[in-house]
Amino acid sequence: MNILYDERVDGELPRADKAILLAELRQRIPDLKLLHSAEDLRPYECDGLSAYRTTPMLVALPERLEQVATLLKVCHAQKIPVVPRGAGTGLSGGALPLEQGVLLVMAKFNRILEINPQGRFARVQPGVRNLAISQAAAPHELYYAPDPSSQIACSIGGNVAENAGGVHCLKYGLTVHNLLKVEILTVEGERLTLGSDALDSPGFDLLALFTGSEGMLGVVTEVTVKLLPKPQVAKVLLAAFDSVEKAGAAVADIIAAGIVPGGLEMMDNLSIRAAEDFIHAGYPVDAEAILLCELDGVEADVHDDCERVRHVLEKAGATEVRLARDEVERAKFWAGRKNAFPAVGRISPDYYCMDGTIPKRQLPAVLRGIKDFSDEYGLRVANVFHAGDGNMHPLILFDANAPGELERAEELGAKILELCVAVGGSITGEHGVGREKINSMCVQFNADELTVFHAVKAAFDPSGLLNPGKNIPTLHRCAEFGGMHVHAGKLPFPELERF
Amino acid sequence: MSTASMIERADDSAAVLVEQVQDALSQRRPLAIRGGDSKAFLGRMVDGEPLDMRAHIGIVSYDPTELVVTARAGTTLVDLVAALDAHEQMLPFEPPRFDGVATLGGSIASGLSGPRRPWAGSARDFVLGTRVITGHGKHLRFGGEVMKNVAGYDLSRLMAGSFGCLGIITEVSLKVLPKPRLCRSLRLEMPADRALLKLSEWGQQPLPISGACHDGSALCLRLEGGEGSVLAACDRLGGEPQQASLWDDLREQRLDFFRDPRPLWRLSVPLATPSLAVPGEQFIDWGGAQRWLKSDMSEADLRRIVTEVGGHAICYTAGHAASPFHPLPTGLMRYHRQLKAALDPQGIFNPGRQYAEV
């Protein structure tokens, strides 16, 4: 089922008059940079989910807060949908434009406003890149912990909108755990402060609610993040296994030994071979699975924990355990993992990256399920896995030029997500729902739960003009989607009319 | 859970609770949601029929290697912590147990966290999922039992600290962590001003601090981690050994400081805030970010001073302040009202507990 906005099931959008909107915006905000010609709009027709493209009606590139506020007020008055966007690196189509909507690009808000080492926070504009915060804090031996793999390019405003993660989440948390305060503008252009400079703030925890809300409750205009002291040292162990079951059991054993690694990653044989061919990280290409376990902190503790982990890994049946001798080797071990996606890109014309999460104990069963789907659909799947926090990234290999392969890859992906939900997990750990997983939301949540989500949306945006169609499917979409996925003879959403 | 005591203490009363809520909804009868009733001193009086959560108890699932525990709302923290103790794990946010009667549901609904909060995170930070009875009388599930989950709006963390005003928490899944290998506490005699400066300096360094308070005459630190880091930090920081029970007594508000008959205020301020010149006795916690105050000063004056430094104040003495929670700006209150109306359209869940408007 196509994921592009479909008014028939996603809800009717207001008909906008581009000329009237353009005229009013030019008159009210003369210095606002606007793009409206076909060739200027093209670069903005997709985000990181490039298989899906929609040309927006207009692109606005504001540089000052008042411009954003006025733009929102004008759009609200004229009933024009607004899709906010940061750096556009998101993988789930959270910033996919609408033909009848304005794409509000916040990338020009790229100033770091304050680095405060005493208060251990950084106050930045939403277009500041994730990595730029840690770079600015580095002279104080501080850093910003969440490190999504796109961190050199992705913006902090987008990180807030998607509740971005990374490889260090088990120990250091997601974006939501590392925020103090965000400034937002509502759909009506009203300024609100969520959170505070203190560790908590009065009232409902709207900061938590807004984090990960995919730009549907408000537009992020300023972010205050927590900074942490940099760990003194980080060491990484590489362990090879002759079965994924053993590798999965080793992960549980590490946790049971009372150790919380900074990072704990698993790769399967196909990923190992692809990465080794590309990066020459020294991975054992015959292993069925490898684990990378990073321990960080104070030197003496890290040294002791490395010994403990080595012992655990050997006891769990590792065929080989290697401790990176130095920073060069540590970087090399990580380079293989961090380049796993492009490495897989070299062995297949295209790949589709999934993002489900599962309870870690379910890993062997889920990998077996993925193997079965892979055989059924005739498409290879490479598995990389944030093993510490249960976040899987199966990469489905396909060729977009082969007729029907993209559709097959997507169907296989949806099957994997259904399996994640069935074993007690989630359809998305860190990439977000956006448009990509809008149908899979119908698997994870029932009609009553989705109704509550829509009520929350309406509390902040009653007219539904902020990023419509993302994150939460309509009940009509689920009815239609569910009609294709009849479970145990029972139709989900029986109360709804089928189209 | 496999232990007999846990089985004895398990009882799923969700169906009864849902019925009680539906009954209240049909008659538009407000409910005063109650666990151990250990935090009645906090917030405004609720005029409603008591809804007792204490029969809905038991640990639903706990797999230590997943670092996740799920338990029903009426489970006491004491029972929950005992189950974690058996596997050398803990609730890192150290919620107060208040004479053993505090329940899991009440702890999450009030969002209270103990001395480790600035370093480990708050109650809300450890919430992974909740089951909630909604204002439409439905028993729904938000979030889950996995560390990373960004599907839909984060209603489970929104429930934390909402004082029952948005729905009835019936079940909570929490992230738990292994207990540290070693814990040492130190006492360093120094005035509060100097302690705050030292805390700011040390906070920028990778020291294993997990508790930092100042009792008026000395800075007390708790160090937790591996043997190497804790012993090295003890050597470096000096001072005298301090009894570890201090942190329990602080968390439970059992220290002499809390016996002072004057009203108790909790001031939440930015990390590097200098000493606050206000009349009364102060006890600094959370490495400077939380100041306990025993004072007769006027609510208005206190709120003005705390707001100026970027913080807020909550009154911890029942019936003393007109608005125990810090008043919200008009714009923010509007969205609080709209959110309340969306999730509890008939206004039957703890109406007015936090603010008269919600």
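Because the structure is a prediction, the values reported are computed rather than measured. (Residues numbered from 1 in each chain as written. Chains lettered and ligands numbered in written order. Predicted model: local features only at pLDDT ≥ 70, side-chain atom pairs only at ≥ 80, totals over all residues.)

A. Up close: the overall build of chain B. Counting secondary structure elements, chain B contains 12 helices and 17 strands. Relative to the compact-globule value of 21 Å for 358 residues, chain B shows a C-alpha radius of gyration of 21 Å, a close match. Across the 358 residues that make up chain B, the buried fraction comes to 53%. Considering only contacts within chain B whose residues lie at least 6 apart along the sequence, 68% involve residues at least 24 apart. (Helix = DSSP H or I, 4+ residues; strand = E, 2+ residues; numbered from the N terminus. Rg over C-alpha atoms; globule rule 2.2 N^0.38 Å. Buried ≥ 20, exposed ≤ 12 C-beta atoms within 10 Å, placed from the backbone. Contact = placed C-beta atoms within 7 Å.)

B. Looking closely at the domain arrangement of chain B. Residues and elements named next belong to chain B. Partitioning chain B into domains gives domain 1 (4–178) and domain 2 (182–315). Computed from C-alpha coordinates alone, the two centres of domain 1 and domain 2 are separated by 28 Å. Facing the 11 residues of domain 1 at the interface are 12 residues of domain 2. Partitioning the side of domain 1 that touches domain 2 into residue classes produces six nonpolar, one polar and four charged. (Domains from an automatic or database assignment. Nonpolar A, V, L, I, M, F, W, Y, C, P; charged D, E, K, R; others polar.)

C. Highlighting the pairing of strand 12 (residues 233–241) of chain A. Residue and element names in this part refer to chain A. The buried count for strand 12 comes to seven of nine residues, which makes it a mostly enclosed element. With nine bridges connecting them, strand 12 and strand 14 (residues 289–297) associate as antiparallel partners. By the bridge assignment, phenylalanine 241 is partnered in strand 14 with alanine 289. Two elements, strand 12 and strand 15 (residues 320–323), share four bridges in a ladder whose sense is antiparallel. Looking at strand 15, one finds that alanine 239 is bridged to valine 321. (Pairing = 2+ DSSP bridges.)

D. Geometry of the domain arrangement of chain A. Here chain A is partitioned into domain 1 (7–105), domain 2 (112–229), domain 3 (233–341) and domain 4 (348–422). Measuring from the centre of the C-alpha atoms in domain 1 of chain A to the corresponding centre in domain 4 of chain A gives 33 Å.

E. Seen up close, helix 4 (residues 65–78) of chain A. All names here are of chain A. Across its 14 residues, helix 4 extends 20 Å between first and last C-alpha, which sits within 8% of the 20 Å expected from 1.5 Å per residue. Within helix 4, the full set of buried residues consists of Val68, Ala69, Leu71, Leu72 and Cys75. Down the axis of helix 4, the smallest arc covering the buried residues is 160°, so these residues share one side. Away from the buried face of helix 4 by more than 90 degrees, exposed residues Glu66 and Ala77 are located. Summarising the contacts, the buried residues of helix 4 are in contact with helix 2 (18–28), strand 2 (58–61), strand 3 (82–85), strand 4 (102–105), strand 8 (179–185) and strand 10 (219–226). Looking one or two residues past helix 4, lysine 79 carries a phi angle of roughly 55°, positive in sign. (Expected span 1.5 Å × (residues − 1). Arc of directions from axis to C-beta.)

F. Fine view of the UniProt feature "domain: FAD-binding PCMH-type" (unreviewed entry) in chain A. The UniProt record annotates "domain: FAD-binding PCMH-type" (unreviewed entry) at residues 52–230 of chain A. Across residues 52–230 of chain A, helical content stands at 21% and strand content at 25%; the span's end C-alpha atoms are separated by 39 Å. (UniProt positions renumbered as here; feature names shortened; annotations may be inferred.)

G. Summary view of unusual backbone geometry. All names here are of chain B. For glutamate 88, which is not a glycine, the phi torsion comes out positive at approximately 55°. Note that glutamate 88 resides in the loop between helix 3 (77–85) and strand 5 (89–90). A positive phi angle is found at aspartate 99, which is not glycine, with a value near 55°. Take aspartate 99: it is sitting in the loop between strand 5 and helix 4 (104–110). Overall, aspartate 99 belongs to the exposed group, with 11 C-beta atoms counted inside 10 Å.

H. Looking closely at the interface of chain A and chain B. Taken residue by residue, the interface counts 79 residues in chain A and 68 residues in chain B. Counting only elements with at least two residues in the side of chain A that touches chain B, the list comes to helix 7 (169–172), helix 8 (206–210), helix 9 (244–256), helix 11 (299–315), helix 16 (441–444) and helix 17 (447–460) of chain A. Ranked by the residues each element gives to the side of chain A that touches chain B, the list is headed by helix 17 of chain A, at nine residues. Partitioning the side of chain A that touches chain B into residue classes produces 35 nonpolar, 27 polar and 17 charged.

I. Region of the structure containing the sheet that holds strand 7 (residues 139–143) of chain B. Residues and elements named next belong to chain B. One open sheet holds the five strands; their spatial order is 3-4-8-6-7, and the pairing between them is antiparallel. Each end of this open sheet is capped by a strand with a single partner; those strands are strand 3 (59–63) and strand 7. Going across the sheet, the axis of each strand differs from the next one's by a mean of 15°, ignoring polarity. Pairing between strand 3 and strand 4 (residues 68–72): four bridges, direction antiparallel. What sits directly across from serine 61, in strand 4, is threonine 70. (Axes fitted to C-alpha atoms, helices over the stretch in contact; angles between N-to-C directions.)

J. Representation of the confidence of the model for chain A in the model. Looking at chain A as a whole, its pLDDT mean stands at 94, while 96% of the residues score no less than 70. Throughout residues 484–499 of chain A the model reports pLDDT below 50, and contacts reaching past four residues in sequence, or to other chains, amount to 20 contacts. (pLDDT = per-residue confidence, 0-100.)

K. Fine view of the packing of helix 9 of chain A against helix 14 (residues 363–377) of chain A. Residue and element names in this part refer to chain A. Packing of helix 9 against helix 14 brings their axes to within 9 Å, and their N-to-C directions diverge by 150°. Two packed elements cross with a definite hand, and for helix 9 against helix 14 that hand is right-handed. Here Val244, Glu245 and Gly248 of helix 9 come into contact with helix 14, specifically with Leu363, Pro364 and Leu367. Residues of the contact of helix 9 with helix 14, tallied by class, amount to four nonpolar, one polar and one charged. (Left-handed = near helix turned anticlockwise from the far one by under 90°.)

L. Structural context of the sheet that holds strand 6 (residues 121–124) of chain A. Residues and elements named next belong to chain A. The strand order across the open sheet built from five strands is 5-6-10-8-9, with neighbouring strands paired in antiparallel fashion. This sheet does not close on itself; its edge strands, each paired only once, are strand 5 (112–116) and strand 9 (191–195). Mean inter-strand twist for the sheet, computed between neighbouring axes without regard to direction, equals 15°. Both strand 8 and strand 10 contribute to a ladder of six bridges, which runs antiparallel. If you follow glutamate 183 over to strand 10, its bridge partner there is glutamate 222. Strands in contact with helix 4 are strand 8 and strand 10; relative to strand 10, the strand with the most contacts, it is inclined by about 135°.

M. Here's a closer look at the packing of helix 9 of chain A against helix 11 of chain A. Residue and element names in this part refer to chain A. The interhelical angle for the contact between helix 9 and helix 11, taken along N-to-C directions, is 145°, at an axis separation of 9 Å. When the axes of helix 9 and helix 11 are compared, the crossing they make is right-handed. Residues Ala250, Asp253 and Ile254 of helix 9 lie in contact with helix 11, whose contacting residues are Val309, Val312 and Leu313. Grouping the constituent residues of the contact of helix 9 with helix 11 by class yields five nonpolar, no polar and one charged.

N. Expanded view of helix 14 of chain A. Residues and elements named next belong to chain A. The end-to-end C-alpha separation of helix 14 is 21 Å, in line with the 21 Å expected for 15 residues at 1.5 Å each. Taken as a whole, helix 14 has its buried residues at Leu363, Val366, Leu367, Ile370, Phe373 and Ser374. Buried residues of helix 14, viewed axially, fall in a sector of 120°; they line one side. Facing away from the buried side of helix 14 by more than 90 degrees, the exposed set consists of Asp372, Asp375 and Glu376. Elements in contact with the buried residues of helix 14: helix 9, strand 17 (381–386), strand 18 (391–398) and helix 15 (405–422). Two residues or fewer past helix 14, glycine 378 is found with a positive phi of approximately 65°.

O. Quick peek at the confidence of the model for chain B. All names here are of chain B. Put simply, chain B has an average pLDDT of 96, and 98% of its residues get 70 or more. Here residues 1–7 scores under 50 on pLDDT; set against residues more than four positions off or in separate chains, the count is eight contacts. Model confidence for the complex is summarised by a pTM of 0.96, with the ipTM given as 0.97.

P. Structural detail: the nonpolar core. Residue and element names in this part refer to chain A. Core analysis: the biggest nonpolar cluster contains 219 residues, and Leu104, Val225, Ala239, Ala250, Ile290, Leu291 and Ile396 have the highest contact counts within it. Counting residues per element, this core draws most heavily on helix 15, at seven residues. With sequence-adjacent residues up to four places away left out, alanine 239 is seen in contact with Ala250, Ile290, Leu291, Leu313, Ala318, Glu320 and Val321. (Core = buried A, V, L, I, M, F, W, Y, C linked by C-beta atoms within 7 Å.)

Q. Representation of the environment of phenylalanine 481 of chain A. Along the chain, phenylalanine 481 of chain A falls in helix 18 (residues 475–484). Considered as a pair, phenylalanine 481 of chain A and lysine 338 of chain A are 143 residues apart in the sequence and their alpha carbons are 35 Å apart.

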